[in-house]
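Below, each chain spelled out in residue letters.
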Amino acid sequence: MTTERGGNPTPHVGDRLSGYLDGELTQQQRQRVQLHLEDCAECRRLLDELSAVRARMGASDLSGLPEDRWRENMDESGVTLARGLGWLLLIGAGVFIGAIAIFHFLADPGLGAGWKLLISAFYLGWLALFVSVLRQRLIERRTDRYKDVEI
Amino acid sequence: MRDELATLGNGAHALAIQILGNRDDAADAVHDAFAQVLAQPQAWDHRRGPLRPWFLRVVRNRCIDLLRRRRPAGPAVEVLVAPGDAPDAVLETQQRDRGLQRALRDLPPEQRQIVVLRDYSDLSYAEIAAVLDLPAGTVMSRLHRARLALRQRLESEDDD
């Protein structure tokens, strides 16, 4: 009998016992282990114990979650994907329409330069305020340690 | 593909628990992996092998990313579900599973993963080698060591 690292006994066939248990040996290796098992009560006992460990693992519920959960989970993933695509289309189209509107506004010969400046300042003011508030909200959202606390 | 993926959730979750040590983080990792795979289903090439080991590898990589990003924290807290009005048989199974989970927790992460992949998820040695990025020849010896260690921990658990 030999002793493996960690003090675990590995009599005679060593790790091939696990290979034998899992059906992962070649035919020749399997026959050698079988021959050894016929003569070695200690290896037979170890094989039974490893088999029991395997059976206990196989019969356990390590996840503890119902399988349906993952199906619902994937549906949520689909919704998230669709929502992301929706936002992308919305923002893309908004920028395009905005650019055309600005072009027409600036190119409009019926409106004087003074009026154009005044109207531009009005909208730029709104835009600056919007960006400032949005930035503040995003920073708060990223740094708020209590955002996941449910009241 | 969605139907097949849905059946892999629990095995992937069990593997992620062994890596992250926390059920909720593990569920998040599996959720992220589902989202990643559904966003790019063409990333899986069926000619290069079955879906299960490939998906488990995606989950494992996601877990490793999360571990790298995770800030240093205290030891993971195991949230035990209150047994409530569970019938005796269910209670007994739950207690056995908790004993198994405690025994697994005492093993090094590499041993936990390999034993879960083989004995819980029933992967072949070649598939395990692909998931864990190991040479095929080392799976048997590592698995054997892991099983011996788990057997020892389970004996201690059952004695307590």
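Residues numbered from 1 in each chain as written. Chains lettered and ligands numbered in written order. Predicted model: local features only at pLDDT ≥ 70, side-chain atom pairs only at ≥ 80, totals over all residues.

Engineer: How do you make sense of the interface of chain A and chain B when you look at a structure like this?
Structural biologist: Buried accessible area, meaning the area lost when the parts come together, often serves as the stated size of an interface. Chain A puts 30 residues into the contact, and the matching count from chain B is 33 residues. Looking at the side of chain A that touches chain B, the elements with two or more residues in it are α1 (16-21), α3 (41-59) and α4 (68-107) of chain A. Here the residues of the side of chain A that touches chain B are counted per class, giving 9 nonpolar, 11 polar and 10 charged. (Contact = placed C-beta atoms within 7 Å. Helix = DSSP H or I, 4+ residues; strand = E, 2+ residues; numbered from the N terminus. Nonpolar A, V, L, I, M, F, W, Y, C, P; charged D, E, K, R; others polar.)

Engineer: For this particular structure, what's the right way to read unusual backbone geometry?
Structural biologist: A negative phi holds for most residues other than glycine; trans holds for most peptide bonds. A positive phi angle, near 65°, is found at D122 of chain B, a position not held by glycine. When you line up the elements, D122 of chain B lands in the loop between α6 (109-120) and α7 (125-132).

Engineer: Just to check I follow, could you spell out α7 of chain B for this structure?
Structural biologist: Residues three or four positions apart in an α-helix share a direction because the helix packs 3.6 residues into each turn. Residues and elements named next belong to chain B. Those residues of α7 not exposed but buried are Y125, E127, I128, A129 and V131. Looking at the buried positions of α7, the neighbouring elements they touch are α4 (51-69), α6 and α8 (139-159). Phi for D133, located one or two positions after α7, is positive at around 60°. (Buried ≥ 20, exposed ≤ 12 C-beta atoms within 10 Å, placed from the backbone.)

Engineer: Honestly, the nonpolar core in this entry has me stumped. Any pointers?
Structural biologist: Generally speaking, a soluble globular protein has its nonpolar side chains buried in company with each other. Residue and element names in this part refer to chain B. Formed by 55 residues in total, the largest nonpolar core has its most connected members in A12, L15, A16, V30, A33, F55 and V59. Here the element with the most residues in this core is α8; it accounts for 8 residues. When neighbours within four sequence positions are excluded, V59 is seen to be in contact with A12, L15, A16, A29, V30 and A33. (Core = buried A, V, L, I, M, F, W, Y, C linked by C-beta atoms within 7 Å.)

Engineer: Just to check I follow, could you spell out the packing of α3 of chain A against α8 of chain B for this structure?
Structural biologist: Describing two packed helices takes the angle between their axes plus the distance from one axis to the other. Contact pair α3 of chain A / α8 of chain B: the axes reach a minimum separation of 10 Å and the direction vectors enclose 80°. In terms of their interaxial angle, α3 of chain A and α8 of chain B are classed as roughly perpendicular. Together, E49, L50 and V53 of chain A of α3 of chain A and R147, L150, R151 and L154 of chain B of α8 of chain B make up the contact between the two elements. Along the lines of polarity and charge, the residues of the contact of α3 of chain A with α8 of chain B split into 4 nonpolar, no polar and 3 charged. (Axes fitted to C-alpha atoms, helices over the stretch in contact; angles between N-to-C directions. Parallel < 35°, antiparallel > 145°, perpendicular 65-115°, else oblique.)

Engineer: Just checking my understanding: could you explain the environment of A149 of chain B for this structure?
Structural biologist: Counting through the fold element by element, A149 of chain B comes out in helix α8. Spatially, the C-alpha atom of A149 of chain B lies 8.5 Å from that of Q111 of chain B, the residues being 38 residues apart in sequence.

Engineer: I keep staring at the environment of I119 of chain A and nothing clicks. Help me out?
Structural biologist: Note on placement: I119 of chain A falls in helix α5 (residues 113-143). Exposure remark for I119 of chain A: the 12 C-beta atoms within 10 Å place this residue in the exposed category.

The quantities given are spatial measurements derived from coordinates; they are silent on function.
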